[in-house]
Amino acid sequence: MSDQNRLGVFKTYKLYVGGKFPRSESGRVYEVTDSKGQWLANAPQSSRKDARDAVVAARKAFGGWSGATAYNRGQVLYRVAEMLEGRKEQFVREVAASEGLSKSKAAAAVDAAIDRWVWYAGWTDKIGQISGGANPVAGPFFNLSTPEPTGVVAVLAPQKSSFLGLVSVIAPVIATGNTAVVIASADAPLPALSLGEVLATSDVPGGVVNILSGATAEIAAPLAAHQDVNAIDLTGADAALAKELEIAAADNLKRVLRPQPVDADGASDSEDWSASPGTHRLTAFLETKTVWHPTGALGAAGSSY
């Protein structure tokens, strides 16, 4: 059969929850279009039930992931970069269509996203050295502070930067041992949903990252109020939604990251995602545990140790 008569195979995009690829439990989908309004695909429209299922999966995965060595987590994140490198062309096409970029600019964004995974992979076993340490105390004690992951983090991905921004908010969350429930860009969810396919084949345990697509406000509301969600990143929320979610998050004292500044459209999406990320997102979802330990009797000869 000639290529002229062949019908293309359209990609079916699905959610990524608990290491599996379910459709939305409601069966709903919505049309995703490019910057010119041309149809690209149908994406699942997640429901509140999907959000709750994602939290259950993230909580189940938290013990194993947070208990893994930092070195092992770094290896897993690096493996994600390896797999993305092999599927670069697919992501360049999706980013170009989703964001209305030229092929060269989309390729630059994808390269930067791959490099960002490598950046955070290198930080997994180093962040503890700059955010913890021995504290000087007046007494016969060792006093040590060490960082620990917060738990399940809900992440509202950037609305405009569908892939580089997405990676920039996911990677630091899981690099430090947290698990994530991610709400993809509402208008440009396809790179995020495809990232789920990469994560599934990159040694990332099921449930460590869960990716939902649909109306941001509809999915974010139950996550902000969920008693088993420990923190929330409001990057993809506009000013009005962010305020509502902060109020809901206060009910169980969630950690809240609300990036600034907010742009003219009301979304916290004016961040330069191509800039060096620094370590502020790594430390945003870490708790500090301080341990006191006696050094033994101190006498004229000093410590017994």
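Residues numbered from 1 in each chain as written. Predicted model: local features only at pLDDT ≥ 70, side-chain atom pairs only at ≥ 80, totals over all residues. Heavy atoms only, no water.

Overview of the sheet that holds strand 6 (residues 179–183)
Spatially, the 5 strands line up as an open sheet ordered 7-6-5-8-9, and their pairing is parallel. Looking along the sheet, the strands with just one partner apiece sit at the ends: strand 7 (209–212) and strand 9 (255–257). The sheet shows a mean angle of 15° between the axes of neighbouring strands, direction not considered. For strand 8 (residues 231–233) and strand 9, the ladder comprises 3 bridges, and the chain directions are parallel. Residue pairing across strands places Asp233 opposite Leu257, the latter belonging to strand 9. (Pairing = 2+ DSSP bridges. Helix = DSSP H or I, 4+ residues; strand = E, 2+ residues; numbered from the N terminus. Axes fitted to C-alpha atoms, helices over the stretch in contact; angles between N-to-C directions.)

Remarks on the nonpolar core
Membership of the largest hydrophobic core comes to 58 residues, with the highest contact counts inside it found for Leu84, Trp117, Phe163, Val182, Leu195 and Leu199. Here the element with the most residues in this core is helix 6 (residues 164–175); it accounts for 9 residues. Counting 25 residues, the second largest nonpolar core, distinct from the first, contains Ala224, Leu241, Ala242 and Leu245. (Core = buried A, V, L, I, M, F, W, Y, C linked by side-chain atoms within 4.5 Å. Buried < 20%, exposed > 50% of the residue type's maximum accessible area, 1.4 Å probe, protein only.)

Observations regarding the packing of aromatic side chains
Under the definition given, this model contains 4 aromatic pairs. Relative to Phe21, the ring of Tyr16 has its centre 5.1 Å away and its plane inclined at 35°; by these criteria the two rings are tilted. With 4.8 Å between their ring centres and 25° between their planes, Phe91 and Phe163 make a pair best called stacked. Of this pair, Phe91 sits in helix 3 (residues 88–99) while Phe163 is found in the loop between strand 5 (152–156) and helix 6, placing the two residues 72 residues apart along the sequence. Residue class for Phe91 comes out buried when judged on its relative accessible area of 0%. When its relative accessible area of 1% is taken as the criterion, Phe163 is described as buried. Over the ring of Tyr13 we find Lys11; its NZ or CZ atom is 5.2 Å from the centre of that ring. (Phe/Tyr/Trp six-rings, centres within 6.5 Å; stacked < 30°, edge-to-face > 60°. Lys NZ or Arg CZ within 6 Å of the ring centre and 35° of its normal.)

Details of the pairing of strand 6
Counting buried positions along strand 6 gives 5 out of 5 residues, so the element sits mostly inside the fold. Residue alternation in strand 6 divides its side chains into two sets, Thr179, Val181 and Ile183 and Ala180 and Val182, and both sets are buried. By the bridge criterion, 5 bridges tie strand 5 to strand 6 in an arrangement that is parallel. For Val153, the partnering residue across the bridge sits in strand 6 and is Ala180. Across 4 bridges, strand 6 lies against strand 7 in parallel orientation. Its bridge partner being in strand 7, Ala180 is matched across the sheet by Val209.

Some words on helix 8 (residues 216–225)
Taken together, the buried positions of helix 8 are occupied by Thr216, Ile219, Ala220, Pro222, Leu223 and Ala224. Where helix 8 is buried, its residues touch helix 1 (48–67), strand 5, strand 6, strand 7, strand 8 and helix 9 (239–249). (Contact = heavy atoms within 4.5 Å.)

Some points on the packing of helix 2 (residues 70–86) against helix 4 (residues 103–123)
It is at 8 Å that the axes of helix 2 and helix 4 come closest, and there the two elements cross at 165°. Taken together, helix 2 and helix 4 sit at an angle that is classed as roughly antiparallel. Judged by the twist between their axes, the crossing of helix 2 over helix 4 is left-handed. Contacts between helix 2 and helix 4 involve Gly74, Leu77, Tyr78, Val80, Ala81, Leu84 and Glu85 from the first element and Ile114, Trp117, Val118, Tyr120 and Ala121 from the second. When its residues are assigned to classes, the contact of helix 2 with helix 4 shows 10 nonpolar, 1 polar and 1 charged. (Parallel < 35°, antiparallel > 145°, perpendicular 65-115°, else oblique. Left-handed = near helix turned anticlockwise from the far one by under 90°. Nonpolar A, V, L, I, M, F, W, Y, C, P; charged D, E, K, R; others polar.)

Some thoughts on the side chain of Thr179
Topologically, Thr179 is positioned in strand 6. With relative accessibility at 0%, the residue Thr179 sits in the buried group. Once residues lying within four places of it in the same chain are set aside, the contact partners of Thr179 are Ala58, Ala61, Phe62, Trp65, Gly151, Val152, Val153, Val173, Gly207 and Val208.

Overview of helix 4
The terminal C-alpha atoms of helix 4, which comprises 21 residues, lie 31 Å apart, in line with the 30 Å expected from a rise of 1.5 Å per residue. Considered for burial, the residues of helix 4 that qualify are Ala106, Ala109, Val110, Ala113, Ile114, Arg116, Trp117, Tyr120 and Ala121. Take helix 4 and look down its axis: the buried residues cluster within an arc of 145°, on one side only. Structural note: helix 4 exposes Ser104, Lys105 and Asp115 on the side pointing more than 90 degrees away from its buried face. Contact partners of the buried residues in helix 4: helix 2, helix 3, helix 6, helix 7 (190–200) and helix 10 (280–284). (Expected span 1.5 Å × (residues − 1). Arc of directions from axis to C-beta.)

Keep in mind these numbers describe shape, not what the thing actually does.
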